[in-house]
Amino acid sequence: MTQLNAYLSFDGNCREAMRFYEKTLNGKLEALLTYGQTPACDQMPEADRDRIMHAYLTFDGQVLMAGDAPTNQPYESMRGFTLTLSYDTVAQARPIFEALAEGGNITMPFQPAFWAEGFGMCTDRFGTPWIVNGSLKPV
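These numbers come from a predicted model, not from an experiment.

(A) Focus on the sheet that holds strand β1 (residues 6-10). Ordered by their spatial adjacency, four strands build an open sheet running β1-β4-β3-β2, and the pairing between neighbours is mixed. The outermost strands of the open sheet, each flanked by one partner alone, are β1 and β2 (28-34). Pairs of neighbouring strands in the sheet enclose a mean axial angle of 15°, with direction left out of account. Of the pairings in the sheet, the one linking β1 to strand β4 (residues 62-68) comprises five bridges and is parallel in character. Looking across to β4, one finds that serine 9 is bridged to glycine 67.

(B) The arrangement of unusual backbone geometry in detail. In this structure, aspartate 60 takes a positive phi of about 50° despite not being glycine. Assessed through its relative accessible area of 73%, aspartate 60 is described here as exposed. Of note, serine 135 is a non-glycine position whose phi angle comes to about 60°, a positive value. Under the relative-accessibility criterion, serine 135 is labelled buried at 15%.

(C) Examining the nonpolar core more closely. One finds Phe10, Met18, Tyr21 and Leu100 to be the most contacted residues of the largest nonpolar core, which totals 31 residues. Those elements that place two or more of their residues in this core are β1, α1 (14-24), β2, β3 (52-59), β4, β5 (83-87), α2 (90-101) and β8 (129-136). No other element matches the six residues that α2 contributes to this core. For phenylalanine 10, the residues in contact, after removing those within four places along its chain, are Ala17, Tyr21, Arg51, Ala66, Gly67, Asp68, Ala69, Tyr75, Met78, Phe126 and Thr128.

Cut-off values and rules
Residues numbered from 1 in each chain as written. Predicted model: local features only at pLDDT ≥ 70, side-chain atom pairs only at ≥ 80, totals over all residues. Heavy atoms only, no water. Pairing = 2+ DSSP bridges. Helix = DSSP H or I, 4+ residues; strand = E, 2+ residues; numbered from the N terminus. Axes fitted to C-alpha atoms, helices over the stretch in contact; angles between N-to-C directions. Buried < 20%, exposed > 50% of the residue type's maximum accessible area, 1.4 Å probe, protein only. Core = buried A, V, L, I, M, F, W, Y, C linked by side-chain atoms within 4.5 Å. Contact = heavy atoms within 4.5 Å.

Everything listed here is a matter of geometry and, on its own, says nothing about what the molecule does.
Structure below.
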């Protein structure tokens with residue numbers, strides 16, 4: 001079975017972001033591996049040793065992976081994609097949207113749309129863009 005999973009890149013705040021997603025999405029961080037915990041630790045700059053090389057979060061049968069960019073590579077903020085969460089009900093979707101939007105930027109407030117009883121877009125405080133749908137309708 002083929003799986004397609006998002007892999008997010010952060011600039012030193014991966015640990016904080018993934019802990020936030022773990023709590024917000026009611027998930028479980030299966031891995032939070034630093035560069036300093038890898039076999040190549042001795043070849044890494046000291047500044048990178050506490051940065052996250054690989055994070056693996058599971059939630060509701062889904063997987064989200066991430067890592068911090070090494071300091072010797074220029075970091076480019078996330079762009080050109082959006083992570084989308086779809087829930088059975090607005091009551092499930094709205095609190096997730098509100099948690100993701102807190103401290104971030106709301107692009108589209110959570111409101112009814114022609115394809116869903118609830119829909120909102122935001123970029124969270126870590127720079128990750130999100131769409132949250134609640135109670136999708138047939139179009």
